[in-house]
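The lines below spell out each chain.
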Amino acid sequence: MAKLPTGQLGWHSGVPGDIAFSGKESEYKLIEECFKNLAKIGEIIISPGNHDFDFDGTDDEMRKTLLELCSKSDVNEKRVRNITEGQASFESFRSNIPSSLEKIEKLLSNKYILSKELSVISLNSSWCSFISEKSGDLFFPEKELIQDESHKINIAMMHHPLTWYEASNSKEIRNILL
């Protein structure tokens, strides 16, 4: 966990994914009480990792087809919901962790307002994960990245490093974040 500066707000921690091993509800139940206790003394910002995706029961071919459509055309809510259905247990876990932070949401990213000058943008980089993925295969739609320059300091948090994205997509994300 990385500690984030907070001023008078207390402390904040960022957890960039892989809370579970295989995205199962039972795995989150094992750690949920610990996160709830931590949330009593500070804010926790959580992004999903590839191990937070439950691949059991997902149709890999359908996901691949939908991801190809998303990389070539507009991303829409129905496609994203179908692609990310394996993250349902993660999303349930995250929603059970109390937070008082103001949040701006998009389908694949959240921006948490920590102070007038500081925010954290959390990206769901594992939305396009597969069991056997490799560097250079991932894709993140730029329009799903929250672009709000109202804070002096914006910290981006995601599970996968930019080198895991397609080369041109990685460059586009980096240019938006910088």
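Structure's up top.
Everything numeric here is computed off the predicted structure, so don't read it as measured data.

Peer 1: Please clarify how the packing of aromatic side chains should be interpreted in this entry.
Peer 2: Enumeration over the complete set of coordinates arrives at four aromatic pairs. Arranged with centres 4.6 Å apart and planes meeting at 25 degrees, the rings of F53 and F55 form a pair that is stacked. For the pair F53 and F55, a shared accessibility class is recorded, and that class is buried. One aromatic cluster is present, built from ring pairs that chain together Y28, F35, F90 and F93. Positioned above the aromatic ring of F130 is the side chain of R63, whose terminal nitrogen or guanidinium carbon lies 4.6 Å from the ring centre. Geometry around F130 places K64 over its ring, the cationic atom sitting 5.8 Å from the centre.

Peer 1: Is there a simple way to think about unusual backbone geometry in this case?
Peer 2: Backbone phi values are negative for most residues with the exception of glycine, while trans is the configuration of most peptide bonds. Not every positive phi belongs to a glycine, and D18 is a case in point at roughly 60 degrees. If you trace the backbone, D18 turns up in the loop between strand 2 (11-15) and helix 1 (25-39).

Peer 1: Quick question: what am I supposed to make of the sheet that holds strand 5 (residues 109-113) here?
Peer 2: Across a sheet, paired strands are connected by hydrogen bonds in the backbone, their directions being either parallel or antiparallel. Spatially, four strands are ordered 4-5-6-7 in an open sheet, and the strand pairing comes out mixed. Only two strands of the sheet have a single partner each, and these edge strands are strand 4 (102-105) and strand 7 (153-157). Across the sheet, the axes of successive neighbouring strands diverge by a mean angle of 20 degrees, strand direction being ignored. Relative to strand 5, strand 4 runs antiparallel, the two being bridged by four bridges.

Peer 1: Mind showing me how you'd approach the nonpolar core here?
Peer 2: Burial of nonpolar side chains together is a common tendency in soluble globular proteins. Within the largest apolar cluster, 19 residues are counted, with the highest numbers of intra-cluster contacts made by L67, I83, L123, W127, F140, L145 and Y165. Secondary structure elements with two or more residues in this core: helix 2 (60-72), helix 3 (77-83) and strand 6 (118-123). Sort the elements by how many residues they give to this core and helix 2 lands first, with three residues. Core analysis: the second largest hydrophobic core is formed by 11 residues, V15, F35, A39 and I44 among them.

Procedures and definitions
- Residues numbered from 1 in each chain as written.
- Predicted model: local features only at pLDDT ≥ 70, side-chain atom pairs only at ≥ 80, totals over all residues.
- Heavy atoms only, no water.
- Phe/Tyr/Trp six-rings, centres within 6.5 Å; stacked < 30°, edge-to-face > 60°.
- Buried < 20%, exposed > 50% of the residue type's maximum accessible area, 1.4 Å probe, protein only.
- Lys NZ or Arg CZ within 6 Å of the ring centre and 35° of its normal.
- Helix = DSSP H or I, 4+ residues; strand = E, 2+ residues; numbered from the N terminus.
- Pairing = 2+ DSSP bridges.
- Axes fitted to C-alpha atoms, helices over the stretch in contact; angles between N-to-C directions.
- Core = buried A, V, L, I, M, F, W, Y, C linked by side-chain atoms within 4.5 Å.

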